[in-house]
Amino acid sequence: MLTADHFLIDGETFIDDYNVEIARWSNSRWCSTVPPLYGILTDHRIVLQPQTRKHYDPAIIPTTYIAGVTELNAERHGIMLHLKTGHRIGMFISGDPEHRMLLNLRALKVPRRAVRFEGDFNISTIQRIIEYIADAEVDPRTMQ
């Protein structure tokens, strides 16, 4: 698996990394999907890299496209990203009992220094990961 340093670009600061599972509403409850994702939060974006043996390009969500973040109303700890495009992305965050990702994302909504990340937001990268997860026939024990 690639490390956070691999994904950083000039002028970007690493904040934290997380184990993320996309949450999908099914049969009147939130269910996690496989494969899990390696989530990297920087001061300018969220990078979501599938944790698989085969390499896939990561999905990138610039923080400027995040309209808000709330707690996911589920049995497990999770968040709901509300994007400026009107999309919502539910995520379970494993190993985050202090809700750091939620708090860090909320802190990023406070006005920042003058440096801005001017990356393009490409909804197709997010859609590609969603379709991959929805269509994946992955054995959760082997992640293959």
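Residues numbered from 1 in each chain as written. Predicted model: local features only at pLDDT ≥ 70, side-chain atom pairs only at ≥ 80, totals over all residues. Heavy atoms only, no water.

1. Examining the environment of R29
Thought 1: Along the chain, R29 turns up in strand β2 (residues 29-32).
Thought 2: Between the C-alpha atom of R29 and that of E75, which follows or precedes it by 46 residues, the distance is 8.9 Å. (Helix = DSSP H or I, 4+ residues; strand = E, 2+ residues; numbered from the N terminus.)

2. Regarding the pattern of salt bridges
Pairing between side chains of opposite charge can happen when the charged atoms of each approach one another.
Thought 1: Under the defined criterion, the tally for this structure stands at 4 salt bridges.
Thought 2: Between E21 and R76 there is a salt bridge, with its nearest N and O atoms 3.2 Å apart. Here E21 is found in strand β1 (residues 14-26), whereas its partner R76 is found in the loop between β6 (66-71) and β7 (78-83), with 55 residues between them in sequence.
Thought 3: The class of E21 is buried, set by a relative accessible area of 16%.
Thought 4: Between D96 and R100 there is a salt bridge, and its shortest N-O distance comes to 3.8 Å.
Thought 5: Three or more residues joined by partner-sharing salt bridges are found here, namely D16, D96 and R100. (Salt bridge = Lys/Arg side-chain N within 4 Å of Asp/Glu carboxyl O. Buried < 20%, exposed > 50% of the residue type's maximum accessible area, 1.4 Å probe, protein only.)

3. Quick notes on the nonpolar core
Thought 1: The biggest cluster of nonpolar side chains holds 24 residues, and the ones touching the most others in it are I46, I61, I79, L81, M91 and L105.
Thought 2: Among the elements that take part in this core, helix α2 (residues 100-108) stands out by supplying 4 residues, more than any other.
Thought 3: Beyond its immediate sequence surroundings of up to four residues, I46 is in contact with I40, L41, A59, I60, I61, I66, L81, M101 and L105. (Core = buried A, V, L, I, M, F, W, Y, C linked by side-chain atoms within 4.5 Å. Contact = heavy atoms within 4.5 Å.)

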